Amino acid sequence: NFDTKINEKGFNDGISKLGKLGKSGLKVATRAVTALGAAAGTGIAAAVKVGAAFEAEMSKVSAISGATGEDFQKLTDKAKEMGAKTKFSATESAQAMEYMAMAGWKTSDMLNGIEGIMNLAAASGEDLATTSDIVTDALTAMGLQASDSGHFADVLAAASSNANTNVSMMGETFKYAAPLAGALGYNIEDLSMAIGLMANSGIKGGQAGTTLRSILTRLAKPPKEAAEAMDQYGISLKNSDGSMKSLMENMRDSLQELPEDEQSAAAAAIGGQEAMSGLLAIVNASESDFDKLSSAIDNADGAAAEMAATMQDN
């Protein structure tokens, strides 16, 4: 009868739909499994690639530093540890070690120095390998040791965050000025003060480096006009007991209160035409800028770690 046909039709339609759903579901499931397999394959390939890159980088560290056996294992474990607990990967940590090795650092130096450099990189937002290159080069140029790297990183972090410059630009300045500053006996605090004060007046990077190099060269071996101006205003590299005078305070105390025309003439005589603008930037920096930067640098210890923690707290 009519009702029976309707019921049979509904039943058959339902079975047909279930079959279609089953086939459709099987296709979806097949696609999902295929996609999962592909993703797993991609993930495994990526993991293998990352592992190979890390091993290749550590091989460079071993070749350059000469570290083998237990020493090499310590470096490998340290790079992995840094990759696990910082924003940087193990491979990036190994790249930082490569620059340390090129600077002649031994295994113990790298193990003890890498955290300070990583903190500075995280604090400044700079590339880790580049930061390592900047610190190791500047330490060598100034005659400092690997053991000084933590304090050095703290001073750079404090200076870059309290003046209108950054670690990368300070690195460019060091290329020109650090070797001479180190040879003359100036410390990183004094050099960073000069760099920061010039940066606040727009003199940065390589320009600041050549400016500082010119000033230091003329102070160390003054031509006639520079020697006369230094005698007139009581400017010298050393105190009577042979200790180095502070570059900043010496210049500022001697020239800051002079009339503008006399001050400019003195700056030109002492620093030379090319460097007089940088010398005047140091001399005429406001007391508030000077005190802010000086206080930050004098109390720099721990600055890199503190800034790194703040930068990564997100």
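Just so you know, these numbers come straight off a predicted model, no measurement behind them.

**Remarks on the overall build of the protein chain**
Okay, so step 1: Along the protein chain, the regular secondary structure elements total 15 helices and zero strands.
Okay, so step 2: Across the protein chain, contacts joining residues at least 24 apart in sequence account for 68% of those joining residues at least 6 apart.

**Describing the nonpolar core**
Okay, so step 1: Ranked by size, the top nonpolar core spans 90 residues in total, and within it Phe174, Met251 and Leu255 carry the most contacts.
Okay, so step 2: The greatest single-element share of this core, amounting to eight residues, is contributed by helix α4 (residues 107-124).
Okay, so step 3: Ignoring sequence-local partners within four residues, the contact set of Phe174 consists of Ile134, Ala138, Phe152, Leu156, Pro179, Ile188, Leu191 and Ile195.

**A closer look at the packing of helix α5 (residues 128-141) against helix α7 (residues 167-184)**
Okay, so step 1: Running from N to C, α5 and α7 cross one another at 15°; their axes reach a closest spacing of 8 Å. Between α5 and α7, the angle falls in the class roughly parallel. For the element pair α5 and α7, the recorded crossing hand is left-handed. Here Ile134, Ala138 and Ala141 of α5 come into contact with α7, specifically with Val167, Ser168, Gly171, Phe174, Ala178, Pro179 and Gly182.
Okay, so step 2: Class assignment of the residues belonging to the contact of α5 with α7 gives a composition of seven nonpolar, three polar and no charged.

**Focus: the packing of α7 against helix α8 (residues 188-199)**
Okay, so step 1: Relative to each other, α7 and α8 sit at 130°, their axes nearing to 11 Å. Taken together, the axes of α7 and α8 lie oblique to each other. Considering the relative orientation of α7 and α8, their crossing is right-handed. Residues Met170, Thr173, Phe174, Ala177, Ala178 and Ala181 of α7 form the contact with α8, whose own contacting residues are Ile188, Leu191, Ser192 and Ile195.
Okay, so step 2: Counted by class, the contact of α7 with α8 contains eight nonpolar, two polar and no charged residues.

**Regarding empty space enclosed by the protein**
Okay, so step 1: In the structure shown here, the tally under the stated rule is one cavity of 30 Å³ or more.
Okay, so step 2: In this structure, the largest cavity occupies an estimated 40 Å³ of space.
Okay, so step 3: In terms of lining residues, the largest cavity is bounded by Ala181, Tyr186, Asp190, Leu191, Leu212, Leu216 and Leu247.
Okay, so step 4: Of the residues in the lining of the largest cavity, the class split is six nonpolar, no polar and one charged.

**So, the packing of aromatic side chains**
To describe a pair of aromatic rings, one takes the distance between the centres and the angle between the planes.
Okay, so step 1: According to the stated counting rule, one finds one aromatic pair in the structure shown.
Okay, so step 2: Note on Phe152 and Phe174: the rings are 5.9 Å apart at their centroids and 50° apart in plane angle, and the pair reads as tilted. Taken together, the residues Phe152 in helix α6 (residues 149-161) and Phe174 in helix α7 connect sequence positions 22 residues apart. With respect to burial, Phe152 and Phe174 carry one shared label: buried.

**A word on helix α3 (residues 90-102)**
Okay, so step 1: Look at α3: 19 Å from first C-alpha to last across 13 residues, which is about the 18 Å you get at 1.5 Å a residue.
Okay, so step 2: Looking one or two places after α3, you find Gly104, whose phi comes out positive at around 90°.

**Digging into the side chain of Thr76**
Okay, so step 1: As for its placement among the helices and strands, Thr76 is situated in helix α2 (residues 69-85).
Okay, so step 2: Those residues in contact with Thr76 that lie beyond four places of it in its chain are Phe54 and Met58.

**What to know about the pattern of salt bridges**
Okay, so step 1: Per the counting criterion, the structure on display carries nine salt bridges.
Okay, so step 2: Lys85 is the partner of Glu115 in a salt bridge, and the nearest nitrogen-oxygen pair spans 3.7 Å. Remark: Lys85 occurs in helix α2 and Glu115 occurs in helix α4; sequence separation between them is 30 residues.
Okay, so step 3: For Glu115, a relative accessible area of 33% gives the class partly exposed.
Okay, so step 4: Of the charged contacts in the structure, one is a salt bridge between Lys175 and Glu172, with a shortest N-O distance of 2.8 Å. Of this pair, Lys175 and Glu172 both sit in helix α7, separated by three residues, roughly a single helical turn.
Okay, so step 5: The class for Lys175 is exposed, based on a relative accessible area of 57%.
Okay, so step 6: Note on Glu172: relative accessible area 31%, which makes it partly exposed.
Okay, so step 7: Linked by salt bridges that have partners in common, Lys78, Glu81, Lys85 and Glu115 make up one network.

**Concerning helix α11 (residues 247-255)**
Okay, so step 1: Most of α11 sits out of view: seven of its nine residues are buried.
Okay, so step 2: Against α8, α9 (205-220), α10 (224-233), α12 (260-271), α13 (276-283) and α14 (287-298) lie the buried residues of α11.

The rules behind each value
Residues numbered from 1 in each chain as written. Predicted model: local features only at pLDDT ≥ 70, side-chain atom pairs only at ≥ 80, totals over all residues. Heavy atoms only, no water. Helix = DSSP H or I, 4+ residues; strand = E, 2+ residues; numbered from the N terminus. Contact = heavy atoms within 4.5 Å. Core = buried A, V, L, I, M, F, W, Y, C linked by side-chain atoms within 4.5 Å. Buried < 20%, exposed > 50% of the residue type's maximum accessible area, 1.4 Å probe, protein only. Axes fitted to C-alpha atoms, helices over the stretch in contact; angles between N-to-C directions. Parallel < 35°, antiparallel > 145°, perpendicular 65-115°, else oblique. Left-handed = near helix turned anticlockwise from the far one by under 90°. Nonpolar A, V, L, I, M, F, W, Y, C, P; charged D, E, K, R; others polar. 1 Å grid on protein atoms, 1.4 Å probe; cavity = no way out; pocket = protein on both sides within 12 Å on 5 of 7 lines; lining within 4 Å. Points joined across faces, edges and corners; volume = space filled by probe spheres on them. Phe/Tyr/Trp six-rings, centres within 6.5 Å; stacked < 30°, edge-to-face > 60°. Expected span 1.5 Å × (residues − 1). Salt bridge = Lys/Arg side-chain N within 4 Å of Asp/Glu carboxyl O.

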